[in-house]
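Structural features, examined
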Amino acid sequence: MQSHSWVPLFPDSASTFAWQVDMLYVYLILISLFFTVGIVLAIFIFAIKYREKEKFATGAEIHGSITLETVWSIIPFVISMTIFLGGAIVYYHQFTPPQDAMDVYVVGKQWMWKFEHSTGQREINELHIPVGRKIKLTMTTEDVLHDLSFPAFRTKADIVPGRYTYLWFEATKPGKYHIFCAEYCGLNHSGMGGWVYVMEQADYDNWLSGNISGQTPVEAGKELFETKLGCASCHAGGPQQRGAKLEGIYNHEVKLVGGQTVVADDDYIRNSILNPSSQVVEGFQPIMPTFKGQVTEEQLNSLIAYIKSLSGNTGSTTTSPTSSSAANTSTGPAASNTSSSNSLTPARANRGPSGPGSNPNAPANRAETTNRNR
Ligand code: HEC
Ligand SMILES: [Cu+2]
């Protein structure tokens, strides 16, 4: 934090909703000040005015006053409702991620933050983002509860084991700002922090191209899906596949055995991979093996990103329209998405049921697996 904000006690404000949160706080502070000063003054004035002037005097009896009681009920009601409404509006805005945001995946771990960009760059305890772009974080943890907090953006959210939570923000000012863990998470909780670097788009593009991107989450997910985990042996696409259809399901309703319908969001797909028998798709047998313990949180993120890409869900474009270098060096999600629905299907269908390193639970080996289990 290099500069100070307009109130010295407040952290830097560097996001589009920083001022809203600050206004709410200023409002609360002003109300508290008004009543604190008023009450303390009243104590002193009354103490002097009604002090004992004559021994054993009795006070005048006070009878109810409808006007007074109405007024002192309505005023606090209005004050508390404005606090509630102001808070609710800001909260709703903060926790409704926009559609056109750039995706970043976050995995918390005792005691570090792991970030992954949708172009494949990975960072630990550092997050580089462009200024003036909406960023959506999809967050989970490998171990205990954490809470990712960006004081300068005036936002934070709990990160819960076994599910996804989301944060979004748009940084307004280039600079280096704190990242904290805001949920006590064990011995080195206080050290679980880092920096977010807000950069001009051109600097960000430079940074992107200067960092080895490796596979994008979608590419990594595709590789896991087709080879490493052998999902494609059942989910090869087409009518003959043994698994349920994955194309186009993301954020759409899925009918389950038992008549229930659920929306295939991140949590649903995660659960389908880790506890397949808990939510079985209508018309299918619960033959999908669990992949619990075989996939890391990062791999789950990749698998979900890949399944999402099968629905033509771009989610994000990490590079600006002007930056050609970064867009070419890494197959952005946009690029992989356009090809996904057409070209992927035959590729997946052609692949043998159990390539080298494929999942031992994949169907070719499934007979043995079942035998072993019995
Ligand atoms: C043995 C065959 C088999 C394998 C291997 C397999 N699946 Fe499945 N999968 C199924 C079947 C059958 C269903 C439908 C029944 C159910 O929901 O459990 C399904 C359902 C799903 C669903 C829910 C689909 C929907 O339409 O709601 C997802 C997501 C999924 N699988 C992902 C995967 C992933 C990712 C892998 C690899 C890590 C994988 N599957 C491996 C057979 C398989
Ligand atoms: Cu923590």
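What this report covers is the structure whose coordinates are included nearby. All values derive from a computational prediction rather than experimental measurement.

Cut-off values and rules
For every chain, the first residue of the written sequence is number 1, and numbering continues from 1 onward in sequence order. Numbering of ligands from 1 and lettering of chains from A proceed in the order in which they are written. The model is predicted, so local features are restricted to residues of pLDDT at least 70 and side-chain atom pairs to those at 80 or more, both for listing and for counting; the totals for chains, interfaces and linings are taken over all residues. Paired strands are those between which DSSP finds at least two bridges. In DSSP terms, a helix is any run of H or I states spanning at least four residues, a strand is any run of E spanning at least two, and both are numbered starting from the N terminus. What counts as an axis is a line fitted to C-alpha atoms, over the stretch in contact for a helix, and the angles between N-to-C directions run from 0 to 180 degrees. Contact between two residues is assigned whenever their backbone-derived C-beta positions fall within 7 Å. By convention the nonpolar core is taken to be a set of buried residues drawn from Ala, Val, Leu, Ile, Met, Phe, Trp, Tyr and Cys and joined through C-beta atoms within 7 Å. As a rule, residues whose C-beta atom has 12 or fewer other C-beta atoms within 10 Å are exposed, those with 20 or more are buried, and those in between are partly exposed; C-beta atoms are placed from the backbone. This arc describes the spread of directions from the helix axis toward the C-beta atoms. For each residue, a C-beta atom is positioned from the backbone; the residue is called near a molecule or strand if that atom sits within 6 Å of it. For this scheme, ten residues count as nonpolar: Ala, Val, Leu, Ile, Met, Phe, Trp, Tyr, Cys and Pro. Four count as charged, namely Asp, Glu, Lys and Arg, and the remainder, Gly too, count as polar.

1. Points about the sheet that holds strand E3 (residues 122–124)
To summarise the sheet geometry, strands pair through backbone hydrogen bonds and adopt either a parallel or an antiparallel arrangement. Strand order in this open sheet of five strands is E3-E2-E1-E5-E8, and the pairing throughout is mixed. Taken across any chain shown, the strands that pair with only one partner, and hence form the sheet edges, are E3 and strand E8 (165–170). Neighbouring strand axes in the sheet, compared pairwise and without regard to direction, differ in orientation by 25 degrees on average. Sheet topology places strand E1 (residues 102–109) next to strand E5 (residues 134–141); seven bridges connect them, and they run parallel. If you follow Tyr-105 over to E5, its bridge partner there is Thr-138. Sitting on the sheet, helix H6 (residues 297–309) is in contact with E1, strand E2 (112–117) and E5, with an inclination near 155 degrees to E1.

2. What to know about the nonpolar core
Counting 30 residues, the largest nonpolar core has Val-104 and Val-106 as its most contacted members. A per-element tally of this core places E1 first, with five residues. The next biggest cluster of nonpolar side chains, apart from the first, holds 22 residues, and it includes Val-218, Ala-232, Ala-236 and Ala-264.

3. Focus on helix H3 (residues 201–209)
Here H3 has its buried residues at Tyr-204, Asp-205 and Leu-208. One side of H3 holds all its buried residues, which, seen down the axis, span an arc of 100 degrees.

4. With respect to the site of ligand 1
Around ligand 1 lies a shell of 31 residues, among which Cys-231, Cys-234, Gly-243, Phe-284 and Met-288 are the nearest. Only helix H5 (266–274) and H6 provide two or more residues apiece to the shell around ligand 1. Looking at which element gives the most residues to the shell around ligand 1, the answer is H5, with three residues. Its residues assigned to classes, the shell around ligand 1 shows 24 nonpolar, five polar and two charged.

5. Quick look at unusual backbone geometry
A cis amide bond links Gln-110 to the next residue, Trp-111, at an omega of -5 degrees. Examined against the element boundaries, Trp-111 turns out to sit in the loop between E1 and E2. In this model, Phe-56 sits at a positive phi of 60 degrees, which is unusual for a non-glycine residue. By the secondary structure assignment, Phe-56 is in the loop between helix H1 (18–49) and helix H2 (66–94).

6. Some words on the environment of Ser-190
Relative to the helices and strands, Ser-190 is located in the loop between strand E9 (175–181) and strand E10 (194–199). For Ser-190, a count of 11 C-beta atoms within 10 Å corresponds to the exposed category. In this structure the C-alpha to C-alpha distance between Ser-190 and Trp-111, which are 79 residues apart in sequence, comes to 8.9 Å.

So, to be careful, I would describe these as geometric facts and stop short of saying anything about function.
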